[in-house]
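Notes for the structure review
Residues per chain, in single letters:
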Amino acid sequence: MIHVRGLVKRFGYTIVLRGISIDIQAGETVVLLGPNGAGKTTFLRILATLLKPNAGRVTVAGKDIVREPHKVRHLLGYVSHQTLLYPDLSARENLRFYARLYGLPHADERIQEMLALVGLGKRADDLVRTFSRGMLQRLTIARALLHNPPILLLDEPDTGLDPQAAAMLARLLRDVAGEGRTILLTTHNISRGIDFADRVIVLSRGRIVADRPSSDLTPHDLSEFYLNAVTQEAA
Amino acid sequence: MRFWSAMWAIFWKDVRAEFRTKDIFTGMLIFALLAVLIFNFAFDLRVERAKEVLPGVMWVSIVFAGMLGLNRSFILEYDRGSLSGILLAPVDRSALYLGKMLGNLVFMVAVEVVLLPIMMVLFNVNVLQPSILIFVFLGTIGFAIVGTSFAAIAVNTRAREVMLPVLLLPVLVPVLIAAVKGTANVLDGGTLGEQMSWLRILGAFDIIFLGIAFMTFDYIVEE
């Protein structure tokens, strides 16, 4: 589904990604771990066509992200730690805005369905600026799923959430993953990552330093594995 | 079809949010009114002198008030990260440009609708003549066309609020000269032929820069 070969990204003189190669199969749930500055967000933003790579090739469902960005964008839902929502519009108006950008037919039915899915049906007409952080993040998931993309990219979606809201978000994501979507998630929460994913990839200083099926690892193993991988790379 | 629908969605979203908060409109209007009031008291104008300085006063007020609006329109998108949300959508990025440009144009026209009658009272000069309104409209379109592109460039810079006028005003010189000279010509009772030459400059500027903005906006919003 996602094929990455020799991906390099530089910002000025700083090399953020140093020749990443990775294959992610359809329906796979992958967690990307790494310390701050490892290049996780940059990697996801390149997949989302928000950044162009300096070298290497990335294809999503056979479509090149640089040559056919419009076709790739149809296939992707993207959630970042910023909500990408408008606080002075209601939840329904926000989703209607994005539905128009994606040219969705029967948008009102789909919006209602998404609001119900994330448990915001009763707050649909409230302004987004009155929402808690947890509600905002659930609405963000609804926004990302609105056009029913087969691939979901999640960049630290649990940042800033209290434990209750984070658990609710995790339940929601598990339901979404159960629908057969391909999911790539970055997080600092190792136990949630292993609980959620089929596969764990560790990124450090712009390189993949480990790639293992999560079934091979307990949370304790993963913590050690993660720390070893990152420390060895740093040394 | 998707292009126009996306453009309309972006425009409508900006207008709707602004209608609720009035953040941009209030700032622009207060600035424009203060500028006009200060000029009015500073020059202590008689009717003949008012006609001489009014075109300059009017366009200074419009341009600097417009600058406030341009800055806000992209800064709000950029700081909330919502610009990325639009860029993630499978639509041509010139739809974003056109939607934003129309929004900026509507906010400026709304300010002018309040500002011009007040200027008429304060300066005792009829600025609501059709010929002047044509100059105001074409000049405002030119300002919004170029200003929207430059606001998108400036928002990525460190001193973005300072950077916008520094980048924009030199490019706007033909619009400002044509608009001020054309407005002055109407107030002086000039001929239609004289006014047409300034109108042609404004029209050509608007068309050329709209084309350039369409072709380059994709690169402007690229990170």
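As a reminder, the structure under discussion sits directly above these lines.
First, a word on scope: everything that follows refers to the structure included in this document. Since the structure is predicted, the reported quantities are computational estimates derived from the model, not experimental observations.

1. As for the interface of chain A and chain B
In this assembly, 20 residues from chain A lie in contact with 21 residues from chain B. The set of elements that each furnish at least two residues to the side of chain A that touches chain B consists of helix H2 (69-75) and helix H3 (91-101) of chain A. Counting residues per element, the side of chain A that touches chain B draws most heavily on H3 of chain A, which supplies four residues. The residue inventory of the side of chain A that touches chain B, partitioned by class, reads 11 nonpolar, five polar and four charged.

2. So, helix H5 (residues 93-123) of chain B
Side chains three or four residues apart in an α-helix point the same way, a direct result of the helix having 3.6 residues per turn. The first and last C-alpha atoms of H5 of chain B sit 43 Å apart over 31 residues, in line with the 45 Å expected at 1.5 Å per residue. Following H5 of chain B by one or two positions, Asn-124 of chain B adopts a phi angle in the positive range, close to 55°.

3. Considerations on the packing of helix H5 (residues 133-145) of chain A against helix H6 (residues 163-177) of chain A
Residue and element names in this part refer to chain A. Orientation of H5 relative to H6, taken along the N-to-C sense of each, is 15°, at an axis distance of 9 Å. Here H6 runs roughly parallel to H5, going by the angle between their axes. In this structure, the crossing between H5 and H6 has a hand that is right-handed. Of the residues in H6, those touching H5 at Arg-133, Gly-134, Gln-137, Arg-138, Ile-141 and Leu-145 are Ala-165, Met-168, Leu-169, Leu-172 and Val-176.

4. Quick notes on H3 of chain A
In terms of burial, H3 of chain A is a largely internal element, 11 of the 11 residues being buried. What H3 of chain A keeps buried is the set Ala-91, Arg-92, Glu-93, Asn-94, Leu-95, Arg-96, Phe-97, Tyr-98, Ala-99, Arg-100 and Leu-101 of chain A. Residues of H3 of chain A that are buried make contact with helix H4 (107-117) and H5 of chain A together with helix H1 (2-21) and helix H4 (82-87) of chain B. After H3 of chain A finishes, the residue Gly-103 of chain A shows a positive phi value of roughly 60°.

Conventions used here
- Residues numbered from 1 in each chain as written.
- Chains lettered and ligands numbered in written order.
- Predicted model: local features only at pLDDT ≥ 70, side-chain atom pairs only at ≥ 80, totals over all residues.
- Contact = placed C-beta atoms within 7 Å.
- Helix = DSSP H or I, 4+ residues; strand = E, 2+ residues; numbered from the N terminus.
- Nonpolar A, V, L, I, M, F, W, Y, C, P; charged D, E, K, R; others polar.
- Expected span 1.5 Å × (residues − 1).
- Axes fitted to C-alpha atoms, helices over the stretch in contact; angles between N-to-C directions.
- Parallel < 35°, antiparallel > 145°, perpendicular 65-115°, else oblique.
- Left-handed = near helix turned anticlockwise from the far one by under 90°.
- Buried ≥ 20, exposed ≤ 12 C-beta atoms within 10 Å, placed from the backbone.

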